[in-house]
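Given next are the chains, with one letter for each unit.
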Amino acid sequence: MDVWRTPEDIPADLGQSVVTVGVFDGVHRGHHAVLAETVRHARTRGLTSVALTFDPHPATVHNPDRPVKLVATLDDRIDRLAAAGIDAVFVQHYTLEYAQASAESFVRNQLVDQLHASLVVVGEDARFGKDNAGDGALLTELGHALGFDVILLNDLGEPAGRRWSSTWVRELLAVGNVDKAAEVLGRPHRLRGKVVHGFQRGRELGFPTANLKGEELGEIPADGVYAGWLVRDVPMTNAAEYLPAAISVGSNPQFDGVERTVEAHVLGRADLNLYGEDVAVDFIRRLRPMVSFESVDGLLCQMDEDLRNTALALGVPTAGRVDPAEVTAI
C-alpha cells in the first residue's frame, strides 16, 4: 500500500480512484464495512482505492485543551487500512487553516482534482468542510455536478444495540472492558511503543517486564492486570511473533509509584532482549484491578495466580515466575 503525506507524493499518473474519507481511529467494525465497500467497488471498476485520513485528530486541533486520546497510533491505523485492502492512504496534515476550506472547495480541490475520485464511499453521518457544513446530501449533489458517484452507507452496529464507534471503544477501555472493546473493533485492542528501562522491580521478583510509557502508545485501558500478547516483528520478514504475556497497567501502588506505565511479562521467558525495540501489546482479558498488598509475599502469591490465569485465558502452557539470576535481558 502506498502512503502519501503531501500532494507531491501522489503519482502524476494516478488515474481515477474510489475514495473514502475519515479519521478511522481504531479502524473498528463500522470502518471495516466502509473500507470493504470501497475496495470492492475499486476492484470491480479496475480503479485505485484511496483512504483520505487526517492527522492530528481534527477534534484535538480545534480543542487543544481537550485532546482526543486515539484508540490506535497513526502507524497502526495505516497498517489496518492496508490489511483492509486499501491501495493508497493520503495522510492529510490537519490544521486550522486547512479546516477553513468550504465543503464545496474540499470536494472539488481534494477529492476530485487531487485524488481523482470517480466514486466516494462514506458513512451516512459523514461531515466535511468548514464548520462541518457538508453532509451526505451535499456530497451527492456535488457528485452530480462534478461527475462522480456517491455511496452512503447506513450506520452499522449491534443488531439490537449501539452503533460501532471509536467513542464507544474509548468508554469500554476506560473501565477495562477489553473483551467488549475487541467485539467493537473486530480484533483485540493494541498499544504500540518502544521498550524502555524501568525500575527493574519485576526482574528482582522473578517477573521481568517490557516497559512501555508515553503519550503516543494509544488509548491505555483502565488500571489493572490483563492477559494478552506481546507482539514483535520478526527481523528480515513481514511476519510477527506473538508471545503470551501478563500485562500490568498502572502506577505500581505496591511501591508508591506515581507514573502510569504498561508492563508486559512474557510467560516463562527470561532471555528476551527488548530494550529499544518497538513492540505491540494486545489486550485479551482483564484479570483483576490494580491493588496494593500488605506485604511483598502477598503480591508474589497474587502474581503467581495472575500467571496461571493468563495462561488459562490465552490457552497456553502455564509458566511460573523465573529465577532472577537467570534474567539476561528485560
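See the structure above.
Thresholds, definitions, all that
Residues numbered from 1 in each chain as written. Predicted model: local features only at pLDDT ≥ 70, side-chain atom pairs only at ≥ 80, totals over all residues. Heavy atoms only, no water. Salt bridge = Lys/Arg side-chain N within 4 Å of Asp/Glu carboxyl O. Helix = DSSP H or I, 4+ residues; strand = E, 2+ residues; numbered from the N terminus. Buried < 20%, exposed > 50% of the residue type's maximum accessible area, 1.4 Å probe, protein only. Arc of directions from axis to C-beta. Polar contact = N/O pair within 3.5 Å; in protein donor to acceptor, adjacent residues only side chain to side chain. Pairing = 2+ DSSP bridges. Axes fitted to C-alpha atoms, helices over the stretch in contact; angles between N-to-C directions. Contact = heavy atoms within 4.5 Å. Core = buried A, V, L, I, M, F, W, Y, C linked by side-chain atoms within 4.5 Å. Expected span 1.5 Å × (residues − 1).

Structural notes on the pattern of salt bridges
For step 1, the next point in the chain: Inspection of every chain in the model, using the stated rule, returns 17 salt bridges.
For step 2, the next point in the chain: The closest approach of N and O atoms between Asp76 and Arg192, which form a salt bridge, is 2.9 Å. With a gap of 116 residues between them, Asp76 in helix α3 (residues 74-83) and Arg192 in strand β7 (residues 189-194) connect regions that are remote in the sequence.
For step 3, the next point in the chain: As a salt-bridge pair, Asp282 and Arg190 come within 2.7 Å of each other at their nearest N and O atoms. In this pair, Asp282 is assigned in strand β12 (residues 278-288) and Arg190 in strand β7, connecting sequence segments 92 residues apart.
For step 4, the next point in the chain: What makes Asp282 buried here is its relative accessible area of 5%.
For step 5, the next point in the chain: Judged by its relative accessible area of 14%, Arg190 is buried.
For step 6, the next point in the chain: It is possible to trace a salt-bridge network through shared partners that takes in Arg232, Glu241 and Glu277.

Here's the deal with helix α5 (residues 136-146)
For step 1, the next point in the chain: Here α5 has its buried residues at Gly136, Leu139, Leu142 and Gly143. Down the axis of α5, the buried set is contained in an arc of 120°. They therefore lie on one face. Exposed positions of α5 whose direction lies more than 90 degrees from the buried face are Ala137, Glu141, His144 and Ala145.
For step 2, the next point in the chain: Where α5 begins, the capping side chain belongs to Asp135, and its oxygen is found 3.2 Å from the backbone nitrogen of Ala137.
For step 3, the next point in the chain: One or two residues past the end of α5 sits Gly147, with phi positive at roughly 90°.

Details of the pairing of strand β4 (residues 88-93)
For step 1, the next point in the chain: The buried fraction of β4 amounts to five of the six residues, a majority that puts the element mostly inside the structure.
For step 2, the next point in the chain: Judged from the three bridges that link them, strand β1 (residues 2-4) and β4 form a sheet pairing that is parallel. Bridge assignment links Val3 to a residue of β4, and that residue is Val89.
For step 3, the next point in the chain: One ladder, built from six bridges, connects strand β3 (residues 48-55) with β4; its direction is parallel. Bridged to Val50 within β4 is Ala88.

Let's talk about the sheet that holds strand β9 (residues 224-233)
For step 1, the next point in the chain: Read across the sheet, six strands follow the order β7-β12-β9-β10-β11-β8 without closing on themselves; strand pairing throughout is antiparallel. Single-partner strands in this sheet number two, and they are β7 and β8 (210-212). Direction aside, the axes of adjacent strands within the sheet are offset by 35° on average.
For step 2, the next point in the chain: As defined by bridge partners, β7 adjoins β12 across six bridges and the pair is classed as antiparallel. Note on β12: the bridge partner recorded for Lys194 is Asp278.

Some details on the sheet that holds strand β2 (residues 17-21)
Hydrogen bonds between backbone atoms are what pair the strands of a sheet, whose relative direction is either parallel or antiparallel.
For step 1, the next point in the chain: With parallel pairing, the six strands of this open sheet are ordered in space as β1-β4-β3-β2-β5-β6. Of all strands in the sheet, those bounded by a partner on one side alone are β1 and β6 (149-153). Taken pair by pair, the neighbouring strands of this sheet meet at an average axis angle of 20°, ignoring direction.
For step 2, the next point in the chain: The pairing of strand β5 (residues 117-123) with β6 spans five bridges and is classified as parallel. Residue pairing for β6: Gly123 is matched across the bridge by Leu153.
For step 3, the next point in the chain: In this fold helix α1 (residues 29-45) packs onto β2, β3, β5 and β6, with an angle of close to 160° to the strand it touches most, β5.

Observations concerning the nonpolar core
For step 1, the next point in the chain: Within the largest apolar cluster, 30 residues are counted, with the highest numbers of intra-cluster contacts made by Val169, Leu212, Tyr226, Leu230, Ile247, Val262 and Phe283.
For step 2, the next point in the chain: For this core, the elements supplying multiple residues, two or more each, are α6 (166-174), α7 (178-185), β8, β9, β10 (240-250), β11 (261-266) and β12.
For step 3, the next point in the chain: Ile247 has contacts with Gly224, Val225, Tyr226, Ala227, Gly228, Trp229, Val262, Glu263, Ala264, Val281, Asp282 and Phe283, leaving out every residue within four places of it along the chain.
For step 4, the next point in the chain: Counting 27 residues, the second-largest nonpolar core is a separate cluster that includes Val50, Phe90, Val122 and Phe148.

Brief notes about helix α9 (residues 296-314)
For step 1, the next point in the chain: The end-to-end C-alpha distance of α9, which contains 19 residues, comes to 27 Å, matching closely the 27 Å that a straight helix rising 1.5 Å per residue would cover.
For step 2, the next point in the chain: Turning to α9, its buried residues number three or more, namely Leu299, Leu300, Met303, Asp306, Leu307, Thr310, Ala311, Ala313 and Leu314. Take α9 and look down its axis: the buried residues cluster within an arc of 160°, on one side only. Exposed side chains of α9 directed beyond 90 degrees from the buried face belong to Asp297, Cys301 and Leu312.
For step 3, the next point in the chain: Following α9 by one or two positions, Gly315 adopts a phi angle in the positive range, close to 70°.

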